[in-house]
Amino acid sequence: MTGPATRNDGLPAKLMLVVFCPFAAGYFLSYFFRNVNAVISRELATEFSLAPSDLGLLTAAYFLAFAAFQLPLGVLLDRYGPRRVLAALFCIAALGALVFGLAQGFAMLTLGRALIGLGVAGGLMGAIKAYTLWFAPSRLATLTGLHIAVGGIGGLSATAPVEALLGPFGWRALFYGLAALSAIAALLIVTVVPEKKLPSEGESLARQAAAFRIVFASPVFWRIALAMVLTHAAYQALQGLWLAPWMYDVAGFDRPTVAQHLLYGASAYALGSVFFGAASDRLARHGISHLTVYKLGMVLTLAMFGLLAAGVTSGLLITVSVYGFCSISAALAYTILTTRFAHGMAGRVNTAANLLMFLGSFLAQWGIGAVLRPYPVSDGRYSPDGYAAAFAILGVVQLAAVLWLLTMRDRGQTPVDKSRAS
């Protein structure tokens, strides 16, 4: 197999068409699913009489199933390749969307949401694995940024456009359509994406799984991953659910204004993914490391979260937009981690980080609802004091992780040898 160092340092149009586009189409749906509950939350709460903790648990079931599958996903990606694995997973996402649309109670809703989370669990990790196989390592951050930008557009589509569709069609018809699109995504991946020989092909399953010991025992892994895990978990908890109720209950916005802010935040997220991916690769060629850009992005993300946690509603559109734009700098952690472990471990090291991030997202999204529950509800609005308490907890843990990251020095990118896993 051609090694990564000898590949064309570019983005060939044919590879972009047959490798990038199919995986990006699936990731569009992944982010749509991730954020859609923020807009339909009032409908779900009313129709199924959901308490805030119920709504948080329901929406976070996506993250729990997503996280639970990350370690098996890493082994499967490195063993069988992203094409076959992701095609199968998007069939599960289609089933989950159908179950969610047909749901008649909380249990069935949660099952559908969990199946969706499982089905889209490889949307980013599978693509990164594919890009390490087909493209030069020097373009990985750019490709990851473009890929996430497509996902961001999916998140954007789950804001104001969903609001417009709810009136004439309702949320159930929306999920029937998403089931069909998920099945189409699976078909596109399995028929368009070519196969590629895998670096770890021929290794035993036990040896591949044992490599996780190296990942989780590495201080470098934790120092890089933890800031991404906590800052992006907080972002996903807000953008995916709680930012909308916070704007209703604390800022006093009406529904169209809330949808507009979510739209701007999702748009900024998509733009930020392109900016941080392309800019970090370009700056790296001029001696400014990906780690330096990552640190800057984490500081700015934390600053914007701090404004929300403090209940600052003045200039909220700018705050939400900058928050979305900067929070995606967390994805640079995947590029940085990929260069610090052996090439054949790309699927496992990134899914290890993703496991932590989505466990954090589950805890953050459910935890905000749990903190809100003891506080009084007035005229259907949750307590501003409850939001302040929940956001303060999230802010403190993010601050600790970012401070630990900032003290890290960039000492090169020597890969960790996976042979020590045996």
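Residues numbered from 1 in each chain as written. Predicted model: local features only at pLDDT ≥ 70, side-chain atom pairs only at ≥ 80, totals over all residues. Heavy atoms only, no water.

Section: the overall build of the protein
Applied cut-off: In this description a helix means any DSSP run of H or I spanning at least four residues, a strand means any run of E spanning at least two, and both kinds are numbered starting from the N terminus. Here the radius of gyration uses the C-alpha set of atoms, whereas the globule reference equals 2.2 Å times the residue count to the power 0.38. Partly exposed describes any residue whose relative accessible area lies between the buried limit of under 20% and the exposed limit of over 50%, with all areas from a 1.4 Å probe on protein chains only and scaled to the type maximum. When checking whether two residues touch, look at their non-hydrogen atoms; a contact exists if any pair is within 4.5 Å. Residue exposure ignores everything except the shown protein chains as possible cover, and the areas themselves are Shrake-Rupley values with a 1.4 Å probe. Charge assignment: positive for Lys and Arg, negative for Asp and Glu; neither His nor the chain ends contribute. Each charge is placed at NZ for Lys, CZ for Arg, CG for Asp and CD for Glu.
Regarding its fold elements, the protein presents 17 helices and zero strands. A compact globule built from 422 residues would reach a C-alpha radius of gyration of about 22 Å, and the protein, at 20 Å, matches this within 12%. With the principal axes as the frame, the protein shows a C-alpha extent of 65 × 45 × 40 Å. Burial analysis of the protein (422 residues in total) assigns 58% to the buried set. Taking as baseline every contact in the protein between residues at least 6 positions apart, the subset at least 24 positions apart corresponds to 86%. Counting every atom, the protein has about 15500 Å² of accessible surface; 68% of that belongs to carbon and sulfur. Of the side-chain charges in the protein, 28 are positive and 16 negative, and the distance between the mean point of each set is 12 Å.

Concerning the side chain of Ser327
Residue position: Ser327 is located in helix α14 (residues 316-327). Since its relative accessible area comes to 1%, Ser327 is described here as buried. Excluding its chain neighbours within four sequence positions, the residues that come into contact with Ser327 are His232, Tyr235, Tyr269, Met298 and Thr301.

Notes on unusual backbone geometry
With a phi angle near 50 degrees, Ser49 is a residue other than glycine that sits in the positive phi range. On the secondary structure map, Ser49 appears in the loop between α1 (13-48) and α2 (52-68). Its relative accessible area of 64% is what places Ser49 among the exposed residues.

A word on the packing of helix α11 (residues 219-251) against helix α15 (residues 332-339)
Our working definition: Between the N-to-C directions of two axes lies an angle of 0 to 180 degrees, each axis being a line fitted to C-alpha atoms and, for a helix, fitted only over the stretch in contact. For classification, angles of less than 35 degrees are called roughly parallel, those exceeding 145 degrees roughly antiparallel, those between 65 and 115 degrees roughly perpendicular, and all remaining angles oblique. Here a crossing is taken to be left-handed if its near helix is turned anticlockwise relative to the far helix by less than a right angle, and right-handed if that turn runs clockwise.
Two elements in contact, α11 and α15, have axes separated by 9 Å at closest approach and are oriented at 165 degrees. Relative to α15, the element α11 is oriented roughly antiparallel. The handedness of the crossing between α11 and α15 is left-handed. Across the interface between the two elements, Phe221, Ile224, Ala225 and Met228 from α11 touch Ala333, Tyr334, Ile336 and Leu337 from α15.

Re the nonpolar core
The following threshold applies: Residues belong to one nonpolar core when they are buried, are Ala, Val, Leu, Ile, Met, Phe, Trp, Tyr or Cys, and are joined through side-chain atoms within 4.5 Å.
Of all hydrophobic cores here, the largest spans 136 residues; its most connected members are Tyr131, Phe175, Phe221 and Tyr294. In terms of residues, this core owes the most to one element, α1, which gives 19 residues.

Quick word on the pattern of salt bridges
If charged atoms from side chains of opposite charge come close, those side chains can pair. Put simply, the test is: Salt bridges are defined by distance alone: a side-chain nitrogen of Lys or Arg within 4 Å of a carboxyl oxygen of Asp or Glu.
Overall, the coordinates contain nine salt bridges when judged by the stated rule. For Arg84, the salt bridge is made with Glu195, and the minimal N-O distance between the two is 3.3 Å. Of this pair, Arg84 sits in helix α4 (residues 82-102) while Glu195 sits in the loop between α8 (160-192) and α9 (205-210); the two residues are 111 residues apart in sequence, bridging distant segments of the chain. For Arg84, a relative accessible area of 45% translates into the label partly exposed. Take Glu195: its relative accessible area is 40%, and that puts it in the partly exposed class.

Topic: the packing of helix α7 (residues 140-157) against α15
Defined as follows: Amino acids outside the nonpolar list (Ala, Val, Leu, Ile, Met, Phe, Trp, Tyr, Cys, Pro) and the charged list (Asp, Glu, Lys, Arg) are all regarded as polar, and Gly is one of them.
Following both chains from N to C, one finds α7 and α15 inclined at 150 degrees, their axes separated by 9 Å at the closest point. Classed by the angle they form, the pair α7 and α15 counts as roughly antiparallel. The two elements α7 and α15 cross, and the hand of that crossing is right-handed. On the side of α7, the interface is formed by Leu140, Ala141 and Thr144, while α15 contributes Leu332, Thr335 and Thr338. A class-by-class count of the residues in the contact of α7 with α15 yields three nonpolar, three polar and no charged.

So, a nonpolar patch on the surface
To be explicit about the condition: By definition, no residue in a patch forms a salt bridge, and every one has over 30% relative accessible area; like charges are joined within 9 Å, nonpolar side chains (Val, Leu, Ile, Met, Phe, Trp, Tyr) within 5 Å.
Taken together, the side chains of Leu98, Leu102, Met108 and Tyr176 define a hydrophobic patch exposed on the protein surface, amounting to about 320 Å² of accessible area. Turning to its location among the elements, Tyr176 is positioned in helix α8. Judged by relative accessible area, Tyr176 falls into the partly exposed class, the value being 34%.

Points about α11
So the rule is basically this: In this scheme, a helix's expected span is set at 1.5 Å multiplied by one less than its residue total. The angle between axes fitted to the seven residues ending at a residue and the seven residues starting there is what we call the bend at that residue.
Between its terminal C-alpha atoms α11 stretches only 41 Å, short of the 48 Å expected from 33 residues at 1.5 Å a residue. In the structure, α11 departs most strongly from a straight axis at Trp242, where the bend amounts to approximately 70 degrees and where the proline Pro245 lies between one and four residues downstream. Directly beyond the C-terminal end of α11, a positive phi value near 75 degrees is found at Gly252.

So, the packing of aromatic side chains
Selection rule: Paired rings are identified among Phe, Tyr and Trp, the last through its six-membered ring, by centres lying within 6.5 Å, and are further divided according to the angle between planes into stacked (under 30 degrees), edge-to-face (over 60) and tilted (the rest). In our convention, an over-ring charge means Lys NZ or Arg CZ found within 6 Å of a ring centre and within 35 degrees of that ring's normal.
Throughout the structure, instances matching the rule amount to 24 aromatic pairs. An aromatic cluster of at least three residues, connected via ring pairs, comprises Tyr27, Tyr31, Tyr235, Trp246, Tyr269, Phe305, Tyr323, Tyr387 and Phe391. For the cation-ring pair, Arg34 lies above Tyr31, with the distance from its terminal atom to the ring centre recorded as 4.0 Å. Its guanidinium or amino end placed over the ring of Tyr248, Arg42 lies 4.3 Å from that ring's centre, counting from NZ or CZ.

A few points about the environment of Leu300
Relative to the elements of secondary structure, Leu300 occurs in helix α13 (residues 290-309). Given the relative accessible area of 35%, Leu300 is considered partly exposed.

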